[in-house]
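# Coordinates in review
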Amino acid sequence: MMKQNKKWADILIAFIKAERSLMILYMLNVMVFSLVYILGRLPLYFLLFAIELSLFLGSCFFAFQFSRYYKRFRLLELLDKDPIHALKQLAASQDPSEAFLRLKIVDLIKEIQQIERNNVQRSNSQMDYFTLWLHQIKTPISAISLLMQRDSQMNYRNQMEQELLRIENYTHMALNYVRIEQSGTDLDFADVSLDRVIKETVKKFSILFIYNHIQLDYQETAAIILSDEKWLRVLVEQILSNSLKYTPEGGTIKIYMSPTQEQQLIIEDTGIGIRSEDLPRIFERGYSGFNGRIHEKSTGLGLFLSQEITKRLGHDLRIESTLGKGTKVTIDLAREPLRRDH
């Protein structure tokens with residue numbers, strides 16, 4: 001009620017400002033009219049009657065003007081929601097001098113709407129092609145993997161297996177990026193065994209651990225987490241992939257639960273670390289930082305994707321790092337229990 005009264009007051013003030021010239025002219029006219037009566041020494045009741053009549057007619061006129069102003073004001077408020085319809089309604093009550101301006105505005109709005117439709121169509125086409133390409137690229141990856149399994153004597157087998165794993169990982173990352181960007185991504189929350197997710201992820205990257213002589217220090221968590229298993233696995237894969245990417249040969253990666261905080265998974269490495277000036281921006285889309293530019297290994301999407309996944313899952317992601325000493329990633333898996341109202 002108070003908000004409605006304030007709105008009326010704002011409209012009334014705006015009307016008075018818009019019509020102040022006419023109101024001043026009206027008041028001057030009443031004053032001149034009264035002065036003529038006084039100088040002509042006419043009876044007082046004629047003056048009072050004339051003033052009352054003038055005020056009545058003036059009030060009717062300004063009430064009519066305010067009604068038109070109010071309707072016009074409400075129509076202008078509709079410009080954000082339905083500009084074309086609002087402008088057509090304004091045309092019936094507009095000043096003829098505004099006709100040209102209204103037509104130009106309508107043309108501009110139609111042009112903007114057409115551009116927006118073209119952009120949406122182009123974006124959908126690109127997304128469809130990108131998704132199709134991601135699915136198609138899986139076929140040669142599978143074929144290469146099968147050929148490598150058949151020919152155990154293939155030269156540079158170790159290097160090819162690592163590169164094949166990286167191709168597959170980048171492909172999955174791109175596909176997950178497309179999925180996470182699409183609105184309404186389906187989430188299936190259930191009790192998830194954190195150890196199963198970690199073990200499957202470590203198994204996937206076992207080739208990189210072995211060939212790069214990176215030691216794994218994994219302490220089983222025995223934790224059951226309320227989350228979406230598919231996206232939680234993608235999250236752990238992204239973090240572990242980053243650790244493997246920037247941990248030199250002979251380094252160590254630790255995976256354990258925080259000894260002081262409940263449901264906080266920690267993935268810690270002895271890699272090259274991150275500069276302190278890069279830390280505030282590591283979750284930005286496409287930002288690779290100094291390490292990514294020097295080593296040419298970063299797409300700038302991995303940590304952005306990880307942050308987006310944690311937001312969708314209701315978890316939290318924190319990163320601490322010291323240049324030259326390593327990086328510590330903390331995934332806070334705690335979340336409020338799901339409400340089952342329906």
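Below or above, wherever it landed, is the structure these notes cover. (Residues numbered from 1 in each chain as written. Predicted model: local features only at pLDDT ≥ 70, side-chain atom pairs only at ≥ 80, totals over all residues. Heavy atoms only, no water.)

## A few points about the pairing of strand β5 (residues 264–269)
Burial of β5 is extensive: five of the six residues sit out of reach of the surface. The pairing of strand β4 (residues 252–257) with β5 spans five bridges and is classified as antiparallel. Following the sheet pairing, M257 is matched in β5 by L265. Between β4 and β5, which follow one another and run antiparallel, lie six residues, and Q263 among them has a positive phi close to 55°. Pairing between β5 and strand β7 (residues 326–332): six bridges, direction antiparallel. Each residue of the ladder has a partner; that of Q264, found in β7, is D332. (Buried < 20%, exposed > 50% of the residue type's maximum accessible area, 1.4 Å probe, protein only. Helix = DSSP H or I, 4+ residues; strand = E, 2+ residues; numbered from the N terminus. Pairing = 2+ DSSP bridges.)

## Notes on the nonpolar core
One recurring pattern in soluble globular proteins is that nonpolar side chains are buried together. Grouped together as the largest cluster of nonpolar side chains are 38 residues, with contacts concentrated most on L194, L240 and L265. Per element, the largest residue contribution to this core is eight residues, and it comes from helix α9 (residues 229–246). Not counting residues within four places of it along the chain, the set of residues in contact with L265 comprises L194, I198, T221, V236, I255, Y256, M257, V329, T330, I331 and L333. Counting residues in hydrophobic clusters, the runner-up holds five residues, among them F15, F62, F66 and Y70. (Core = buried A, V, L, I, M, F, W, Y, C linked by side-chain atoms within 4.5 Å. Contact = heavy atoms within 4.5 Å.)

## Considerations on the environment of E229
Considering the arrangement of structural elements, one finds E229 in helix α9. Residue classification places E229 among the partly exposed residues on the basis of a relative accessible area of 24%. Put simply, E229 and D191 are 38 residues apart on the chain and 8.4 Å apart in space, counted from C-alpha to C-alpha. Excluding its chain neighbours within four sequence positions, the residues that come into contact with E229 are D188, V192, R196 and V197.

## Describing the packing of α9 against helix α11 (residues 302–313)
Think of two packed helices as two axes; the pair is described by the angle between the axes and how far apart they sit. Viewed as axis vectors pointing N to C, α9 and α11 meet at an angle of 150°, and their least axial separation amounts to 9 Å. For the element pair α9 / α11, the angle class is roughly antiparallel. Pair α9 / α11 crosses with left-handed handedness. Along the contact surface, α9 presents W231, L232, V234, L235, Q238, I239 and N242, while α11 presents G302, L303, L305, S306, I309, T310 and L313. When the residues that make up the contact of α9 with α11 are grouped by side-chain class, the tally is nine nonpolar, five polar and no charged. (Axes fitted to C-alpha atoms, helices over the stretch in contact; angles between N-to-C directions. Parallel < 35°, antiparallel > 145°, perpendicular 65-115°, else oblique. Left-handed = near helix turned anticlockwise from the far one by under 90°. Nonpolar A, V, L, I, M, F, W, Y, C, P; charged D, E, K, R; others polar.)

## Digging into the pairing of strand β6 (residues 316–322)
Successive side chains on a regular strand alternate, one facing one side of the sheet and the next facing the other. Where burial is concerned, the two faces of β6 differ: the one with L317, I319 and S321 is buried and the one with D316, R318, E320 and T322 is not. Pairing geometry for β6 and β7, over seven bridges, is antiparallel. The residue bridging L317 from the neighbouring strand is I331, located in β7. Hairpin geometry of β6 and β7 is characterised by an intervening segment of three residues between the two adjacent antiparallel strands and by a positive phi of about 85° at G324.

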